[in-house]
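Analysis of the macromolecular model
Residues per chain, in single letters:
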Amino acid sequence: MEQYFIYDERLGIPLPKLEKEWEDYSEAEQHVILLQWEKIRGTIPDRIVELELIINQKQEELGEENNFARSCALNSEIAELASIINDLWIWYRMNQTVSVRIHQ
């Protein structure tokens, strides 16, 4: 399984890393890849919820923060978390018949 996926530290999930064109994988390999991707894909909503909770905590902290530099840092952290959530939603919405190239 690991040969087809690589863990993405930023997103917190494994992402497809295909070494060749989709059509060059056997039907059995394609099935294994798609099955594993569906398992990974199923974890994405939970990962998004985790990140949303962190954003909520940082927003609460921001509401109480009087230090300008710390406020800027919190805003930056919130923006990065929101960007990660956006990227996760993009991966989540990828069609399970990923015959489009998923090369990294």
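Refer to the structure printed above.
A brief look at the structure comes next.

About the thresholds
- Residues numbered from 1 in each chain as written.
- Predicted model: local features only at pLDDT ≥ 70, side-chain atom pairs only at ≥ 80, totals over all residues.
- Heavy atoms only, no water.
- Helix = DSSP H or I, 4+ residues; strand = E, 2+ residues; numbered from the N terminus.
- Buried < 20%, exposed > 50% of the residue type's maximum accessible area, 1.4 Å probe, protein only.
- Contact = heavy atoms within 4.5 Å.
- Core = buried A, V, L, I, M, F, W, Y, C linked by side-chain atoms within 4.5 Å.
- Pairing = 2+ DSSP bridges.
- Axes fitted to C-alpha atoms, helices over the stretch in contact; angles between N-to-C directions.
- Parallel < 35°, antiparallel > 145°, perpendicular 65-115°, else oblique.
- Left-handed = near helix turned anticlockwise from the far one by under 90°.
- Nonpolar A, V, L, I, M, F, W, Y, C, P; charged D, E, K, R; others polar.
- Salt bridge = Lys/Arg side-chain N within 4 Å of Asp/Glu carboxyl O.
- Phe/Tyr/Trp six-rings, centres within 6.5 Å; stacked < 30°, edge-to-face > 60°.
- Lys NZ or Arg CZ within 6 Å of the ring centre and 35° of its normal.
- Expected span 1.5 Å × (residues − 1).
- Bend = angle between axes of the 7 residues up to and from the residue.

Counting secondary structure elements, the protein chain contains two helices and two strands. Split into buried and exposed, the 104 residues of the protein chain put 31% on the buried side. Expressed as a percentage of contacts within the protein chain between residues at least 6 apart in sequence, the contacts between residues at least 24 apart total 58%.

Here the focus is the nonpolar core. In terms of nonpolar packing, the biggest core is built from 21 residues, with Leu 11, Ile 13, Ile 33, Trp 37, Ile 44 and Leu 88 touching the most fellow members. Counting residues per element, the ones that place at least two in this core are strand S2 (13-16), helix H1 (27-64) and helix H2 (68-93). The element that contributes the greatest number of residues to this core is H1, accounting for seven residues.

Turning our eyes to something else, we now look at the pairing of strand S1 (residues 5-8). Bridge count for S1 against S2 is four bridges, and the pairing is antiparallel. Pairing of Ile 6 across the sheet is with Leu 15, part of S2. Counted along the chain from S1 to the antiparallel partner S2, the turn is four residues long, and its residue Gly 12 has a positive phi close to 80°.

Here the focus is the packing of H1 against H2. Taken N-terminus to C-terminus, the directions of H1 and H2 make an angle of 160°; their axes are 9 Å apart at the nearest point. Judged by the angle between their axes, H1 and H2 are roughly antiparallel. The element H1 and its partner H2 pack so that their crossing is left-handed. Grouping the amino acids of the contact of H1 with H2 by side-chain chemistry returns 18 nonpolar, three polar and seven charged.

Structurally, Ser 71 is set in helix H2. Apart from the residues lying within four places of it in its own chain, the contact partners of Ser 71 are Leu 62 and Glu 65.

As a further point, take the pattern of salt bridges. Considering all chains together, one arrives at seven salt bridges under this definition. We note a salt bridge from Arg 10 to Glu 80, for which the minimum N-O separation is 2.8 Å. Highlighted residues: Arg 10 in the loop between S1 and S2 and Glu 80 in helix H2, separated in sequence by 70 residues. Overall, the relative accessible area of 32% leaves Arg 10 in the partly exposed class. Several salt bridges converge on common partners, so that one network encompasses Lys 58, Glu 61, Arg 70 and Glu 77.

Once that is clear, we can look at the packing of aromatic side chains. Following the criterion strictly, the structure yields four aromatic pairs and no others. Arranged with centres 6.2 Å apart and planes meeting at 50°, the rings of Trp 22 and Tyr 25 form a pair that is tilted. Directly above the aromatic system of Tyr 25 lies the positively charged group of Lys 20, at a separation of 4.8 Å from the ring centroid.

In this section: H1. Over its 38 residues, H1 runs 56 Å from end to end, which matches the ideal 56 Å to within 8%, given 1.5 Å per residue. At Pro 45, H1 is deflected by roughly 30°, the largest bend along its length. Restricting attention to buried positions, one finds in H1 the residues Gln 30, Ile 33, Gln 36, Trp 37, Ile 40, Arg 41, Ile 44, Arg 47, Ile 48, Leu 51, Ile 55 and Lys 58. In the core, the buried residues of H1 are packed alongside S1, S2 and H2.

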